[in-house]
Amino acid sequence: MLTRRRFKQTRTLNERLADEAARCREEARTLAPGRRRERLLRQVRQDETAMQIETWLRSPGLRAPT
């Protein structure tokens, strides 16, 4: 039977997404306009959107009524 590997994340999702967005943005800055650059900029937008969604989901206004 196969066992799943489990990893304990040491940084929050927002931190990891912010780092990835910054890395992609810096790499895109060094490239000439083209497909690779557009892919990186799209990834930056997706990371930023994911950060906003994650923040929204963790906001106290969305707690279930008790």
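Right above here is the structure, for reference.
Per chain, residues are indexed from 1 in the order of the written sequence. Two thresholds apply to this predicted model, a pLDDT of at least 70 for residue-level local features and 80 or more for giving and counting side-chain atom pairs, whereas whole-chain, interface and lining totals are computed over all residues. The basis for every side-chain value is the complete set of heavy atoms in the structure, and neither hydrogens nor water enter the calculation.

Asker: Tell me about the environment of Met51, and name the residues and values.
Answerer: Under the scheme used here, helices are H or I runs from DSSP no shorter than 4 residues and strands are E runs no shorter than 2 residues, and both carry numbers assigned from the N terminus. Mapped onto the fold, Met51 is located in helix α2 (residues 35-57). For Met51 and Arg5, which are 46 residues apart along the polypeptide, the C-alpha to C-alpha distance reads 25 Å. Ignoring anything within four residues of it in the chain, the contact list for Met51 reads Asn14, Leu17 and Ala18. In this description, contact between two residues means that some pair of their heavy atoms is separated by no more than 4.5 Å.

Asker: Please set out helix α1 (residues 13-30) residue by residue, giving values where relevant.
Answerer: The span you would expect from a helix comes to 1.5 Å times its residue count less one. The end-to-end C-alpha distance of α1, which contains 18 residues, comes to 26 Å, matching closely the 26 Å that a straight helix rising 1.5 Å per residue would cover. Against α2 lie the buried residues of α1.

Asker: Before we move on, could you go through the nonpolar core and cite the residues and values that matter?
Answerer: Nonpolar cores were defined as sets of buried Ala, Val, Leu, Ile, Met, Phe, Trp, Tyr and Cys residues, with membership established by side-chain atoms within 4.5 Å. Throughout, exposure labels follow a simple rule: accessible area from a 1.4 Å probe, protein chains only, divided by the maximum for the residue type, with under 20% read as buried, over 50% as exposed, and the rest as partly exposed. The biggest cluster of nonpolar side chains holds 5 residues, and these are Ala21, Cys24, Ala28, Leu40 and Val44. Taken together, the elements giving at least two residues each to this core come down to α1 and α2. Here the element with the most residues in this core is α1; it accounts for 3 residues. Excluding its chain neighbours within four sequence positions, the residues that come into contact with Val44 are Ala21, Cys24 and Arg25.

Asker: Describe in detail α2, supporting the description with residues and values.
Answerer: Between its first and last C-alpha atoms α2 spans 33 Å; for 23 residues at 1.5 Å apiece the expected length is 33 Å, and the two agree. For α2, the complete set of buried residues consists of Leu40, Val44, Asp47, Met51 and Glu54. Packing partners of the buried residues in α2 comprise α1.

Asker: Which residues make up the pattern of salt bridges, and what values go with them?
Answerer: Note on definitions: salt bridges are taken to be side-chain nitrogens of Lys or Arg within 4 Å of carboxyl oxygens of Asp or Glu. Counted under the stated rule, the structure contains 7 salt bridges. Of the charged contacts in the structure, one is a salt bridge between Arg23 and Glu20, with a shortest N-O distance of 2.8 Å. Residue Arg23 and its partner Glu20 are both found in helix α1; the two are separated by 3 residues, about one turn of the helix. For Arg23, a relative accessible area of 43% puts it in the partly exposed group. Across the pair Glu27 and Arg23 runs a salt bridge whose closest N-O atoms are separated by 3.1 Å.

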